[in-house]
Amino acid sequence: MKIELNNKKVIFNNNQDKIEIHPIWLRERVRDEEFLDKNNDQRLFDPSFLNNINIESAKINNVTLELTFNDGVSSKFEINKLTSEFLDSENLLNTIKQKFWDSTLKKNPTYEFKENFYASKEMYDLLKSFYEYGFVIIKNVPTKNNYIVDFANSIGSVRPTNFGEFFNVKSVPNPNDLAYTSLALPPHTDNPYRKPIPCIQLLHCIENEVSGGFSTLVDGFKVATYLKENKSKYFEILTKIKVKFKFTDKDVVLENTGQLIELDEQDNLKQIRFNTRLDYVPVLEKKQLDLYYNARKKISELYNSEKFRIQFKLMPGDIIMMDNHRLLHGRTIYNTNEGKRYLQGCYIDHDSSEGKLRHLKRKFGL
Ligand SMILES: [Fe+2]
């Protein structure tokens, strides 16, 4: 692929197609001091007011494209930058290959907390692993003074909910959520009733004296892929029907709808929703609901099966950071007579992790 010239036209040639690059598209990308604030990469002009922009002269000089526009502006462009934008290879997440996993996963992606952690190369590696596996574990994180909030705010920004800025996971009398009991929690995604649904959950183990209470994780994308390959009709209906999820307590009623398996515009897996305590499928023809209920039963069996689940014990100081749009999480039952089990949790958005990842990539020139 390359950039070439045809008279005063700039052409992107990707070996199959030749596309003329619009003069305004190029004019918008002028990066000279007068047009762009270098501190924040924001334009110092409004390109929506540009019209009748043409190229007066064009020259390719090795790795640089030199253009003069009919409004008198001349500028140089790095050809590499233009082609990478055309190929969308600038999109960092496209360059990270997701690794779907099941119970045969050999080693949990694990990192050690240390001084200056948030600005370190390890943080870059951690975030990359997070996008590969959908989760990471960080060991030896300070446990005092609700440190989970500092941790979250050092990656991005905490997303508060009606549970507060963070929440304490321990068994309490009259809980408003099953999380606050000592019962087993089957695999689920958090808060599918929220708008938007929290992207990333952080859970910090403060105390764990019980012999049970193992944390469980399932890669929802692995299960969805398995379902597509083995029960395509089930996969299809779960990607089509939008289900309502609802949360009610004395202060609030929250509702949101979405598919149990949501795909993006290219039919790639986008988001998993699963919480059978809170889901309400709409009234549909009986035949369609027959298929839906069979499909939900099947995916529930898969999510709950040992084939897809990993489980491990969180130790004091451990943080698990998991993608709530891809992974399901749960825990095994524990006995409160054995001692304390106390976790603190909070949410951050993908915005936080992506922004930090791009920043660290730029910082380390990766
Ligand atoms: Fe949960």
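Everything in this summary refers to the structure shown in the same document. Keep in mind the model is a prediction, meaning the values are calculated, not measured.

### Here we look at the coordination of the iron ion
Protein coordination at the iron ion comes from His188 (NE2), Asp190 (OD) and His329 (NE2), with a distance range of 2.1 to 2.2 Å. Positions of the donor residues of the iron ion along the chain correspond to the pattern H-x1-D-x138-H. With respect to burial, histidine 188 and aspartate 190 carry one shared label: buried.

### Examining the packing of helix 5 (residues 220-230) against helix 7 (residues 286-304)
When two helices pack together, their arrangement is given by the angle between the helix axes and the distance between those axes. Packing of helix 5 against helix 7 leaves a shortest axis separation of 10 Å and a crossing angle of 130°. With respect to helix 7, the axis of helix 5 lies oblique. Along this stretch, helix 5 crosses helix 7, giving a crossing that reads as right-handed. Residues Gly220, Val223, Tyr226 and Leu227 of helix 5 form the contact with helix 7, whose own contacting residues are Lys298, Ile299, Leu302 and Tyr303. Class assignment for the residues of the contact of helix 5 with helix 7 results in six nonpolar, one polar and one charged.

### A closer look at the sheet that holds strand 15 (residues 243-248)
Pairing within the open sheet is antiparallel, and its three strands lie in the order 16-15-19. Either end of the sheet is taken by a strand with one partner, and the two such strands are strand 16 (253-258) and strand 19 (279-280).

### Let's talk about the state of the cysteines
Summed over the entire model, instances satisfying the criterion amount to zero disulfides. Between cysteine 205, a free cysteine, and cysteine 346, which holds the nearest cysteine sulfur, the sulfur-to-sulfur gap is 15 Å. The class of cysteine 205 is buried, set by a relative accessible area of 0%. A relative accessible area of 0% places cysteine 346 in the buried class.

### Re a nonpolar patch on the surface
A surface patch of nonpolar side chains, amounting to about 260 Å² of accessible area, comprises Leu178, Leu183 and Ile333. Residue isoleucine 333 is classed as exposed on the basis of its relative accessible area of 54%.

### As for the pairing of strand 20 (residues 309-312)
The two faces of strand 20 differ: Ile310 and Phe312 on one face are buried, but Arg309 and Gln311 on the other face are not. Summarising the sheet, strand 14 (residues 215-219) and strand 20 pair through four bridges and their orientation is antiparallel. Following the sheet pairing, threonine 216 is matched in strand 20 by glutamine 311.

### A few points about the sheet that holds strand 23 (residues 341-348)
With mixed pairing, six strands are arranged side by side in an open sheet as 9-10-21-13-23-11. Here the strands that pair on one side only, and so sit at the sheet edges, are strand 9 (110-112) and strand 11 (167-169). The average angle at which neighbouring strand axes cross in this sheet is 25°, direction not considered. Where strand 13 (residues 200-208) and strand 23 come together, eight bridges link them in antiparallel fashion. The residue of strand 23 that forms the bridge with histidine 204 is glutamine 344. Relative to the sheet, helix 3 (residues 121-133) contacts strand 9, strand 10 (135-139), strand 13 and strand 21 (319-323), its axis offset from that of strand 10 by approximately 145°. Running over the sheet, helix 4 (residues 147-155) touches strand 10, strand 13, strand 21 and strand 23 and is turned about 25° from strand 23.

### As for the packing of aromatic side chains
Inspection of every chain in the model, using the stated rule, returns 15 aromatic pairs. Look at tryptophan 101 and phenylalanine 135: their rings are 5.4 Å apart centre to centre, the planes differ by 65°, and that puts the pair in the edge-to-face class. Of the two residues, tryptophan 101 sits in the loop between helix 2 (79-86) and strand 9 while phenylalanine 135 sits in strand 10, which places them 34 residues apart along the sequence. Looking at phenylalanine 135, the relative accessible area reads 0%, which means it is buried. With a centroid separation of 5.4 Å and 70° between ring planes, the pair formed by tyrosine 226 and phenylalanine 308 is classed as edge-to-face. Highlighted residues: tyrosine 226 in helix 5 and phenylalanine 308 in the loop between helix 7 and strand 20, separated in sequence by 82 residues. For tyrosine 226, a relative accessible area of 28% puts it in the partly exposed group. Since its relative accessible area comes to 1%, phenylalanine 308 is described here as buried.

### Let's talk about the nonpolar core
In terms of nonpolar packing, the biggest core is built from 50 residues, with Phe135, Leu217, Leu238 and Ile320 touching the most fellow members. Setting aside anything within four residues of it in sequence, one finds leucine 217 in contact with Trp101, Phe135, Phe308, Arg309, Ile310, Phe312, Ile320, Met322, Leu327, Leu328 and His329. Among the nonpolar cores identified, the runner-up in size contains 31 residues, and Tyr111, Met123, Ile138 and Ile200 belong to it.

### Observations regarding helix 4
Among all positions in helix 4, only Tyr147, Ile148, Val149, Phe151, Ala152 and Ile155 are buried. Elements in contact with the buried residues of helix 4: helix 3, strand 10, strand 13, strand 21, strand 23 and helix 8 (350-364).

What counts as what
- Residues numbered from 1 in each chain as written.
- Predicted model: local features only at pLDDT ≥ 70, side-chain atom pairs only at ≥ 80, totals over all residues.
- Heavy atoms only, no water.
- Donors = N, O, S within 2.8 Å, 3.2 Å for Na, K, Ca; no water.
- Buried < 20%, exposed > 50% of the residue type's maximum accessible area, 1.4 Å probe, protein only.
- Axes fitted to C-alpha atoms, helices over the stretch in contact; angles between N-to-C directions.
- Helix = DSSP H or I, 4+ residues; strand = E, 2+ residues; numbered from the N terminus.
- Parallel < 35°, antiparallel > 145°, perpendicular 65-115°, else oblique.
- Left-handed = near helix turned anticlockwise from the far one by under 90°.
- Contact = heavy atoms within 4.5 Å.
- Nonpolar A, V, L, I, M, F, W, Y, C, P; charged D, E, K, R; others polar.
- Pairing = 2+ DSSP bridges.
- Disulfide = S-S within 2.5 Å.
- Patch = residues over 30% accessible without salt bridge, like charges linked within 9 Å, V, L, I, M, F, W, Y side chains within 5 Å.
- Areas by Shrake-Rupley, 256 points an atom, 1.4 Å probe, with all protein chains shown as cover.
- Salt bridge = Lys/Arg side-chain N within 4 Å of Asp/Glu carboxyl O.
- Phe/Tyr/Trp six-rings, centres within 6.5 Å; stacked < 30°, edge-to-face > 60°.
- Core = buried A, V, L, I, M, F, W, Y, C linked by side-chain atoms within 4.5 Å.

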